[in-house]
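Listed below are the residues making up each chain.
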Amino acid sequence: MNRSALFLSLLAASAFAAPVEPQPFLAALPQLMDAARLAGSPFSEGETATLKSCVAAQDAAAVTRAQSVLDAHALFLVTINPEQRVKVAQAAAAPVLAEGGWQQFLIKVLNEAGTTAPLRITSAEANRVFGGPYRSGGDSEPGAQTPLSARWLDLLPWIAPPMRAELSGLGVEYRLVGLYSRDFGKREARFHFDAGQGTQDLGFRGEVSVLFDCRPAREITLHITDENGAPCLAALEITDSADRLYPSRIKRIAPDFAFQPQIYRTDGEKLRLPDGEYRIVFQRGPESLPEERRVKIDAGTQELRFQVRRWIDPAKLGWWSGDHHIHAAGCAHYTSPSEGVHAADMIRHCQGEDLKIGANLTWGPCFDYQKQFFTGKEDAVSRPPYLLRYDIEVSGFGSHKSGHLCLLRLRDQMYPGGDSSAHWPTLGLNTLRWAQKQGAVCGPAHSGWGLGVATDDLPNYVIPPFDGIGANEYIVDVTHEVEGPGGKPVPAVDFMSTADTPPVWELNIWYHTLNAGFRTRISGETDFPCIYGERVGLGRSYVKVDGPLNYDAWCEGISQGRCYVSDGRSHLIDFTANGAPVGEKGSEIRLTKPGSVKLTANIGAFLPTDIPAEFESWQTRQKAPANAAQLQGDQRFDARYRRPYWNIERARLGNTRTVPVEIIVNGVSVARRVITADGQLQQLSFDVPIERSSWVALRILPSSHTNPVFVLVDDKPIRASKRSLTWCLDCVEKCWSQKERTYAAAELDDARAAYDHARQVYRTRLAETIAD
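Reference entry: report on the structure contained in this document. (Residues numbered from 1 in each chain as written. Predicted model: local features only at pLDDT ≥ 70, side-chain atom pairs only at ≥ 80, totals over all residues. Heavy atoms only, no water.)

**Describing the overall build of the protein**
No. 1: From N to C terminus, the protein includes 14 helices and 38 strands.
No. 2: In the protein, of all internal contacts separated by at least 6 residues, the share reaching a separation of at least 24 is 73%.
No. 3: For the protein, the accessible surface area stands at approximately 30,200 Å², while carbon and sulfur atoms represent 51% of it. (Helix = DSSP H or I, 4+ residues; strand = E, 2+ residues; numbered from the N terminus. Contact = heavy atoms within 4.5 Å. Areas by Shrake-Rupley, 256 points an atom, 1.4 Å probe, with all protein chains shown as cover.)

**Observations concerning the sheet that holds strand 3 (residues 96–98)**
In any sheet, the strands associate via hydrogen bonds between backbone groups, in a parallel or an antiparallel arrangement.
No. 1: In spatial order, the strands read 3-9-8-5; together these 4 strands make up an open sheet with mixed pairing. In the strand order of this sheet, the two ends are held by strand 3 and strand 5 (120–123), each with one partner. For this sheet, the mean inter-axis angle between neighbouring strands, taken without regard to orientation, is 40 degrees.
No. 2: Here strand 8 (residues 185–194) pairs with strand 9 (residues 207–215) via 8 bridges, running antiparallel. For Phe191, the partnering residue across the bridge sits in strand 9 and is Val208. (Pairing = 2+ DSSP bridges. Axes fitted to C-alpha atoms, helices over the stretch in contact; angles between N-to-C directions.)

**Quick look at the side chain of Ser447**
No. 1: When you line up the elements, Ser447 lands in the loop between strand 22 (441–444) and helix 9 (474–477).
No. 2: Under the relative-accessibility criterion, Ser447 is labelled buried at 0%.
No. 3: Other than its neighbours up to four places away in sequence, Ser447 contacts Gly470, Ala471, Met496, Ser497, Thr501 and Glu506. (Buried < 20%, exposed > 50% of the residue type's maximum accessible area, 1.4 Å probe, protein only.)

**Topic: the environment of Ala651**
No. 1: By the secondary structure assignment, Ala651 is in the loop between helix 12 (613–622) and strand 33 (658–665).
No. 2: By relative accessible area, which is 3% here, Ala651 ends up buried.
No. 3: Ala651 sits 52 residues away from Ser703 along the chain, and the two C-alpha atoms are 7.0 Å apart.
No. 4: In this structure Ala651 touches Thr658, Val659, Pro660, Ile700, Leu701 and Pro702, once residues within four positions along its chain are discounted.

**Re the environment of Ala93**
No. 1: Turning to its location among the elements, Ala93 is positioned in the loop between strand 2 (86–90) and strand 3.
No. 2: Under the relative-accessibility criterion, Ala93 is labelled buried at 4%.
No. 3: Between the C-alpha atom of Ala93 and that of Ala72, which follows or precedes it by 21 residues, the distance is 5.4 Å.

**As for the state of the cysteines**
Two cysteines form a disulfide when their sulfur atoms are joined by a covalent bond.
No. 1: Taken as a whole and judged by the stated rule, the model has 1 disulfide.
No. 2: A sulfur-sulfur separation of 2.0 Å characterises the disulfide bridge that pairs Cys331 with Cys530. Judged by the torsion about the S-S bond (100 degrees), the Cys331/Cys530 disulfide is right-handed. Of this pair, Cys331 sits in the loop between strand 18 (319–326) and helix 6 (343–352) while Cys530 sits in the loop between strand 26 (521–524) and strand 27 (540–544), placing them 199 residues apart in sequence. (Disulfide = S-S within 2.5 Å.)

**A short note on the nonpolar core**
No. 1: Membership of the largest hydrophobic core comes to 87 residues, with the highest contact counts inside it found for Met346, Leu407, Trp424, Ile475 and Tyr762.
No. 2: It is helix 13 (residues 722–739) that contributes the most residues to this core, 8 residues altogether.
No. 3: Not counting residues within four places of it along the chain, the set of residues in contact with Met346 comprises Phe257, Ile326, His327, Ala328, His333, Val341, Asn360, Leu388, Phe528 and Val536.
No. 4: Listed in part, the 38 residues of the second largest apolar core include Trp311, Phe606, Val709 and Val713. (Core = buried A, V, L, I, M, F, W, Y, C linked by side-chain atoms within 4.5 Å.)

**Focus on the pairing of strand 2**
No. 1: Burial within strand 2 is extensive, with 4 of its 5 residues counted as buried.
No. 2: Pairing between strand 1 (residues 74–80) and strand 2: 5 bridges, direction antiparallel. Its bridge partner being in strand 2, Phe76 is matched across the sheet by Gln90.
No. 3: Between strand 1 and strand 2, which pair antiparallel in sequence order, lie 5 residues; one of them, Gln84, sits at a positive phi of approximately 65 degrees.

Spatial relationships are all this shows, so hold off on functional conclusions.
As C-alpha cells, then:
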C-alpha cells in the first residue's frame, strides 16, 4: 500500500466522524495561506486558486475540496481523541528535505477533544524543542540523552502571526512546521506529539518515525561587483520552481530578516543551494536595474557572478542618498524589548541598497536596550561612503501622542532628569528646545498620520482630524523660534518627514505653512521596519555635500534644504532659480519688482516598459471617479492611498512610459512638462512669472519633490494666501482639541502658552496678507 493510500485508510479508520463546520474551517484558510507564503513555501497558483474558490463558496463541498489540496502537503496526521490522548501517523507528503535548507510541511489535526492547548512537537534528532510552554524536563525530555553530533535535524512550528501556538478547538485544522536538515542522504527521525502533560497516548502512538531523503546542497561562491567591477554588497531574492524562498524565512537570523524576501551578500561569500532550478532577482537599490536570472544548480555549479547595472548615480554629481528614519529594533524586528539587531546588521542593508547615510533611531519599546549604542558620532561599522549613526525618535514615550519627532545629530541622547525614556516632556516643543540647543536637526516623523482627508486636491482646505502621531503639533511648533547653540535663535522645526505616508496628507500642511511664510524643509524617510519592512531607503533624501561626506554635513544639508526627496526612481538634481542653487544662502533670491524667474534642473526618471502587477489594479481604479467613502479608515483607502505611498508607478501617465514634471508656486502647479522615464538625465528650464513674494519648487508626484526656493519681491515677506493662514489658525484649534489631554498637568501652562503664541503669529500674518 503506498503512502497516500495508507493516509486515506487512516482517515477512514479514524473514530472521528463529526462534520466539519464550513464557516470556521474555511475562514482559517487565508491565515494558513499567508503563513505558508511568509514561511517561503506558498501554495502553487492552481492550489491557491482552488483554496480561494473554497473560501468564497462556504459550503461542505468546499471543505472537501480544500482538504484534498492541503492533505497533499501534510506530513503528519495527528488525532486527539475525546480523552485528549494524542496519536500520530505519517501522512501523504513526500518526506524530502534539502541539506542546509528548510522545507515546510502541514500537520493535519483531527481534534475530537476540542482542546485549545498548544500542540507540542519534539524529536530526539532535533537540536531544540518547540511548541507550547509545557516541558516534561529531566532525562524524560525527548532527545535529552541524544549526543549533539546525532542531532541532524531542526524543527520549527510556524506559530507567529497569522498563526498561533494554541489549537483552535475546531474538529479539523492544519498547522505549519518547518524541518531543516544538516545532512544529506537517507536520515530517519522520530517525532513526538502531545498537547500537554497527560495527553500522550498509550503504546507510543503519539510518536512516529519518518525516513527522509535529504537532497545534497551545493556550496556556491558568489562574485558580486558594482558597475565598476569593485566588490560590493547587493540584494538577492532566490526562489525555486515551487516559488519557495532560499534561505527559508522560517529560520533566518540577522543580518537576514524573516520579514523580507531578499538577502544581502557581498563578493566572496558563499551560499548553499540544493540541486534544482532557481529564479534569482539581483539588485542594488532603486538606482540600479534589476536583473532576473534563471539558474540550474547541479554538480557543475561552483560559482555565480553578478554585476550591478545602474541607470543613474547621483553621488557622482555630489548628491548623497540617505534615510533619516531607520530602526534597529521594534516592529518587525522583535517580540520583546531587549531584542533587535545591531549596527553591523543594518549597515549591510544600507550597503545592499546603496544607501549612503542611515540614521538608526532608538525609540520607546527598545529604548533602554538600544541606548547603549549611541555615541554621538558615526558608528564604528561605517565604511565611507556608507555611514551609520544612532539618534532618537520620540516614539512610545514623552510627547509621542502629539506627534513623533526625529532628533538627528544629537550630542546627548538623554533628556535631563533620568536615564531612560520615562521622564521626557509631553509637550513636543519642550523636547525641541532641548534638542535644538545642542545643535540637533529635528522634525516630525511619518507626517501624514492624523492628517488624513478624503480629497486628492493639493493644496486643500479640509481641516484634518489631528488625531494621529504625525505632523500634528507641528502646526504649533513651526511658529516658534528656540535657543540654538551659542544662544542664537533657530526655528524649532527644521524639516518635515515625507515619502512614507500618503503624499497629499504630508504635503498639504507643508504647503500651507510655506504659504504662511515659514521655511521648513522636507526630508525623505522609510520608518523601517514599521511602516515599511521591505527594505531601507524606500524614502530618501538626496543631499548636496561639498567636500567629504559625513553624517553631520548631511544633516545640515537637510536643515538648509539643500536636498530633494525621492523614492530613488526619479531625480531632480541641481535645481536653481536665476542661477542660485537650492539650499545655498538661505535658498533665497530677490527681485526689485514682479518679473520672471528662470528655473533649471537636471531631471531623470526610470519606469519599466511593463506595469508591475501590483500596480495594475491601481491603474484601473484611476479611471473611475474617487469615492470619498473609500478614503476613510486604514483598511478602506482608495488604491491611491495604499503602500507604497510614494512610487514612480503612481506618476505614470496611463500605460505610457512618461511622467509629469510640475512647477509649484505657492502650492499650485503653474507649469508642466512630460518626460520619458527612460533613465536618461535631461536639463529642463522654465521661465516662471512671479507677481509677489513666493516659494517655488519642482515635483514628480508622488515620486520626488525638491525643497523650495524663496523668491522675495520688493523685500516683502512671503504671505501667499489668506486661505492658507485661515486654515492654519483653524488647525491650531483642532489640534488643541485633540492634544490637550495628552499633555502632563505640569506642562499644561507651557502648552497653553505655545498654542496661544501660534494663534497670535498666524493672526498677525493673516493681517499682513493681501493675496486671496
